[in-house]
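Coordinate analysis (summary)
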Amino acid sequence: MELSRIATAVVTLALGVQAVADDVQVGATKSAGMASAGLALRSNKGGGDPRNPAMYAFSQRFRVTDLNFGTHARGLSLRRGGELLGKLSDGGLDTDKLVEIAREFGDDRVSFGSRVSLGLASSGFNLGLEGLGMVDSVPNAALRQWVRNGADLNAPDPAMRLDGYGYAHGFVSVGYGRTLPARDGSEMAVGVDVKFVEAYYSHHRVDAAQIVSGTATNTGAPEMLGEDVLKRRGVAADFGWYMATGPEKRLEVAAVIRNLARPDTGFTGTLPGSDAPNRTDIEPFERSLAVGFGYTHKAGAQGAFDVVGIGGRRAEVRLGVDVPFGRLFSARAGYGSRGGLTAGLSVAGITLSVGTANAFQAGTFFRF
């Protein structure tokens, strides 16, 4: 089968599984199917979350280190979520859709996100791009009951309200990795990734009158200070270390200090249904430590064990395995203590992952 046909088949399968999966990711990085484990696996091309910049040291020839598109949905289909997601520069939240969201999905909290990333490396240097958007809507009890009762516009509950939150960021990263001498024959490398970040935050809400009339004006929450979207810029830096040791260097160890330099791109928002001082912090770029272990069996199967987010608010243990079946096909599975189970397959270098494949679920950013 031609590679173009294989690629088409994988993409078609990705579209098909959207009907039954909340998270889908397709691209060139296999770690998503391993619950994002694989921090120490050199064969992972430095992909995953977090990325280990020390791996750039082994990209002396031009190569793609990251090429992925992922979506996450909760409470609605991926297709419907894509229709409701706004532009990144709007914080991902299209305020014109708030009334529509309230009427259609006001019976429960729903969220949707999308993420695209690209990385190119050569001679130890890496250029990366990422864009991410996430929307979360939170109805109060009155709205939930009204929608469950049929959403009769002639019988509204005056107490009903919907809070809509949006967060988005985009960044350009420049990284470099280099090998270090090791006396015992081990392979060692270090690297750094510098990210130039733009982040956006939005919080708007609609009440009963706006939901019934279909017109949403002056919807900004108190922290918006009259603005439609808040914007921050900053610079982040990650530091990574890697070592391959043991017989035939099958054991791999890695560590990453994420956001060693922290960008000033956080936001402080108000909680659903309330005003200040009931507040919540939105800070995806917090400083944390990640450590990982990988092992490659002589038959080619790989296992990974990572602990990420150490010292932060989102620490997680991740386990993953990857098993090749021939030169072009492999399958994998993983488990994360926060995200749950994932699975994935690769055909001719194109990877499809399902489950909690993406690390940007709403609870990551909106802590309520």
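Conventions we followed
Residues numbered from 1 in each chain as written. Predicted model: local features only at pLDDT ≥ 70, side-chain atom pairs only at ≥ 80, totals over all residues. Heavy atoms only, no water. Salt bridge = Lys/Arg side-chain N within 4 Å of Asp/Glu carboxyl O. Helix = DSSP H or I, 4+ residues; strand = E, 2+ residues; numbered from the N terminus. Buried < 20%, exposed > 50% of the residue type's maximum accessible area, 1.4 Å probe, protein only. 1 Å grid on protein atoms, 1.4 Å probe; cavity = no way out; pocket = protein on both sides within 12 Å on 5 of 7 lines; lining within 4 Å. Points joined across faces, edges and corners; volume = space filled by probe spheres on them. pLDDT = per-residue confidence, 0-100. Contact = heavy atoms within 4.5 Å. Core = buried A, V, L, I, M, F, W, Y, C linked by side-chain atoms within 4.5 Å. Patch = residues over 30% accessible without salt bridge, like charges linked within 9 Å, V, L, I, M, F, W, Y side chains within 5 Å. Areas by Shrake-Rupley, 256 points an atom, 1.4 Å probe, with all protein chains shown as cover. Nonpolar A, V, L, I, M, F, W, Y, C, P; charged D, E, K, R; others polar.

Another point: the pattern of salt bridges. According to the stated counting rule, one finds 18 salt bridges in the structure shown. We note a salt bridge from R74 to D136, for which the minimum N-O separation is 3.8 Å. In this pair, R74 sits in strand β2 (residues 63-74) while D136 sits in strand β4 (residues 125-139), placing the two residues 62 residues apart along the sequence. The exposure class assigned to R74 is partly exposed, which follows from its relative accessible area of 36%. Among the salt bridges present, the one from R250 reaches E248, with a minimum N-O distance of 2.9 Å.

This part is about empty space enclosed by the protein. In this approach a probe as big as a water molecule rolls over the atoms, and the regions it shows empty are the leftover space. Scanning the entire structure with this criterion turns up 1 cavity of 30 Å³ or more. Residue lining of the largest cavity: L76, G81, L84, L85, I101, V110, S111, F112, V135 and S137, and that is the complete set. Among the elements of the structure, α2 (78-84), β3 (110-122) and β4 are those that each provide at least two residues to the lining of the largest cavity.

Below, the discussion takes up the confidence of the model for the protein chain. Per-residue pLDDT for the protein chain has a mean of 85; in total, 90% of the residues score no lower than 70. Here residues 1-20 is modelled with pLDDT under 50, and outside its nearest four sequence neighbours on either side it reaches 18 contacts, counting other chains as well.

To continue, consider the nonpolar core. The biggest cluster of nonpolar side chains holds 24 residues, and the ones touching the most others in it are L76, L143, M160, L162, V206 and I211. Looking at this core, the elements with two or more residues in it are α2, α3 (98-105), β3, α4 (141-148) and α5 (208-213). Among the elements that take part in this core, α3 stands out by supplying 5 residues, more than any other. With residues near it in sequence (within four places) discarded, M160 still touches N140, A142, L143, W146, V206, D207, A208, I211 and V212. If you look at the next biggest cluster of nonpolar residues, it comprises 14 residues, including L132, A199, M224 and I282.

This part is about the side chain of R318. Relative to the elements of secondary structure, R318 occurs in strand β13 (residues 316-324). Ignoring anything within four residues of it in the chain, the contact list for R318 reads A35, S36, A37, D49, P50, A304, F305, D306, V308, Y335 and G336.

This part covers a nonpolar patch on the surface. Where nonpolar side chains cluster on the molecular surface, the patch consists of F125, Y176, V192, F239, I257, L260, L289 and I310 and spans about 630 Å² of accessible area. In this fold, Y176 is placed in strand β5 (residues 161-180). Taking relative accessible area as the criterion, Y176 reaches 33% and is therefore assigned partly exposed.

With that settled, the discussion passes to the layout of surface pockets. Each pocket or cavity is described by its volume, and for the second largest pocket that value is around 310 Å³. As for the second largest pocket, its lining consists of 17 residues, and the residues nearest its centre are K30, S330, R332, S346 and G349. Top element by residues in the lining of the second largest pocket is strand β14 (residues 329-336). It accounts for 3 residues. Tallied by class, the residues present in the lining of the second largest pocket amount to 5 nonpolar, 8 polar and 4 charged.

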